[in-house]
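Working through the structure, step by step
Given next are the chains, with one letter for each unit.
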Amino acid sequence: MLGPMALPRKKPATYDDVLAAPENLVAEIVDDELYLSPRPASPHAVAGAALLTELATEFGHGRAGNSGGWVILFEPELHVVGQVMVPDLAGWRRERMPEIPDAPFFTLTPDWLCEVLSPSTAALDRAKKMRKYARAGVTHVWLVDPTPKTLETYRLDGPGWRLVETYEGEAVVQAPPFEAFRLELARLWAR
């Protein structure tokens, strides 16, 4: 499978390039380059959907004694720090986003986001997008990798990231910023 491809350009990519991208690809602009990535394969899609379901149920809807204090979205388009990026999941604390705007993209930096890594996107997610997320002020980033079945959690520490913890396999975790919830990693790998 081909990875995200930066298209050679003589000028910086623009939002018109994103809009012109084929609908079956995820289009992002990072460091003035247009990246086109294929839609996720099944392990990636399963992990992302399961995590969205778990977190949105617990924190987006206020079940199990939680306040419902988060807005958690699947593949939101972010326009932050001069980039156009599409994380797999992103979350905003309700006090920062009391209502979801009726807009094609978001300019408010998320408080948390998650990238589900795949062989085709891992380098872009780790090497380029993580730096931009830090610059934008995202407080927490999770990297989920369905192949080795790992969850890496990061916290913004000054201008860069501090690895908080790496979990694997079928561990049950209480990871920031969702420490109030016991996440069973096995649910992310189930097929």
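Predicted model only: the values in this text are computed from it and were never measured. (Residues numbered from 1 in each chain as written. Predicted model: local features only at pLDDT ≥ 70, side-chain atom pairs only at ≥ 80, totals over all residues. Heavy atoms only, no water.)

1. What about the packing of aromatic side chains?
Counted under the stated rule, the structure contains 8 aromatic pairs. Here Y15 and F105 contribute two aromatic rings whose centre-to-centre distance is 5.7 Å and whose plane-to-plane angle is 70°, an arrangement assigned as edge-to-face. With Y15 in helix 1 (residues 15–20) and F105 in the loop between strand 7 (89–93) and strand 8 (112–116), this residue pair connects regions lying 90 residues apart in the sequence. (Phe/Tyr/Trp six-rings, centres within 6.5 Å; stacked < 30°, edge-to-face > 60°. Helix = DSSP H or I, 4+ residues; strand = E, 2+ residues; numbered from the N terminus.)

2. Considerations on the sheet that holds strand 8
If you trace the 6 strands from one edge of the open sheet to the other, you get 4-7-8-9-10-11, paired in mixed fashion. The strands lining the two open edges of the sheet, one partner per strand, are strand 4 (70–74) and strand 11 (160–168). Across this sheet, the average inter-strand angle for adjacent strands is 15°, counted without regard to direction. Taken together, the 5 bridges between strand 4 and strand 7 define a ladder with antiparallel strand orientation. Note that in strand 7 the partner of W70 across the bridge is R93. The strands touched by helix 2 (residues 42–60) within the sheet are strand 4, strand 7, strand 8 and strand 9 (140–145), with strand 4 carrying the most contacts at an inclination of about 160°. (Pairing = 2+ DSSP bridges. Axes fitted to C-alpha atoms, helices over the stretch in contact; angles between N-to-C directions. Contact = heavy atoms within 4.5 Å.)

3. Here we look at unusual backbone geometry
The step from P176 to P177 runs through a cis peptide bond, and the omega angle for that step is 10°. Mapped onto the secondary structure, P177 falls in the loop between strand 12 (172–173) and strand 13 (183–184). You will see that V81, though not glycine, has its phi angle at about 40°, which is positive. By the element assignment, V81 lies in the loop between strand 5 (78–80) and strand 6 (83–85). Unlike most non-glycine residues, K149 shows phi in positive territory, near 60°.

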